[in-house]
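Residues per chain, in single letters:
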Amino acid sequence: SDGTTAVIFDLGVSATFGDFGFESEFAYKDYDVDTPGADDYSIYGLYGNAWMNIGAGKVGLLAAYGSWDDDGGTGFGFGEDFTPTIFGADWTNIGTTTKSEYMAVTMLQLYGSLALSEELSIWGNGTYWMSNSDEQANGADDFWNDADGYEIDLGLDWKLTDQVTYSIAGGFGKISLDENATNAANGESPD
């Protein structure tokens, strides 16, 4: 709409082999922009997640990459359904986007869970991300240029019945913004 034509290619693959499993996805988006003064651009994203069940536990490694395009001044957003952390993407945006999502980042996450009993299980993850943002379409540094951060989450699930499970979780993280002219007025990076 509004003079923009998008061509999108998406390929996903998943499989399990006994206690080992994985899922992966590649998405490519090409935008032909007919608006005067705007450039055509293309972005892509990669996602991979592999895990292993070990007795009553599960350990896994998740990796994701979202590209950035200077001509469009935008990056690949993973969408609001991709929430591998409690705070990032679930409660706020990470990247130049108006959605609660991760956009134009490289991310690694180590995660695990353990069933203590049939009713009680614990889980946790450690995530590191760095921004792939570079320049806006006008040539100015993007707000998220050279930013990075981490988050550590822990949770407990208590299954009362087959239909009711109580969950509690908490996390701590830090976002480190680049000290450049674009961010000078924004103060300290948040914990």
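A. Fine view of the pairing of strand E2 (residues 20-33). Inspection of the sheet shows strand E1 (residues 4-17) paired to E2 by 14 bridges, in the antiparallel sense. Of the residues in E2, the one forming a bridge with phenylalanine 9 is tyrosine 28. Pairing between E2 and strand E3 (residues 41-54): 12 bridges, direction antiparallel. For phenylalanine 22, the partnering residue across the bridge sits in E3 and is alanine 50.

B. The sheet that holds E3, seen in detail. If you walk across this open sheet you meet the eight strands as E1-E2-E3-E4-E7-E8-E9-E10, and the pairing is antiparallel. Edge positions in the sheet fall to E1 and strand E10 (165-176), since each has one partner strand and no second. Across this sheet, the average inter-strand angle for adjacent strands is 10 degrees, counted without regard to direction.

C. Here's a closer look at the side chain of threonine 74. If you trace the backbone, threonine 74 turns up in strand E6 (residues 74-75). The contacts of threonine 74, once residues within four sequence positions are left out, are Tyr41, Ile43, Trp68, Asp69 and Met103.

D. Representation of the side chain of serine 133 in the model. Relative to the assigned elements, serine 133 resides in the loop between strand E8 (120-131) and strand E9 (148-159). On the basis of relative accessible area, serine 133 is assigned to the buried category, the value being 4%. The residues contacting serine 133, other than those within four sequence positions of it, are Trp68, Ala104, Asp142, Trp144, Asn145 and Asp146.

E. Expanded view of the pattern of salt bridges. Using the criterion set out here, one finds one salt bridge in the structure. In this structure, lysine 159 engages aspartate 162 in a salt bridge whose closest nitrogen and oxygen atoms are separated by 3.3 Å. Overall, aspartate 162 belongs to the exposed group, its relative accessible area being 68%.

The rules we used
Residues numbered from 1 in each chain as written. Predicted model: local features only at pLDDT ≥ 70, side-chain atom pairs only at ≥ 80, totals over all residues. Heavy atoms only, no water. Pairing = 2+ DSSP bridges. Helix = DSSP H or I, 4+ residues; strand = E, 2+ residues; numbered from the N terminus. Axes fitted to C-alpha atoms, helices over the stretch in contact; angles between N-to-C directions. Contact = heavy atoms within 4.5 Å. Buried < 20%, exposed > 50% of the residue type's maximum accessible area, 1.4 Å probe, protein only. Salt bridge = Lys/Arg side-chain N within 4 Å of Asp/Glu carboxyl O.

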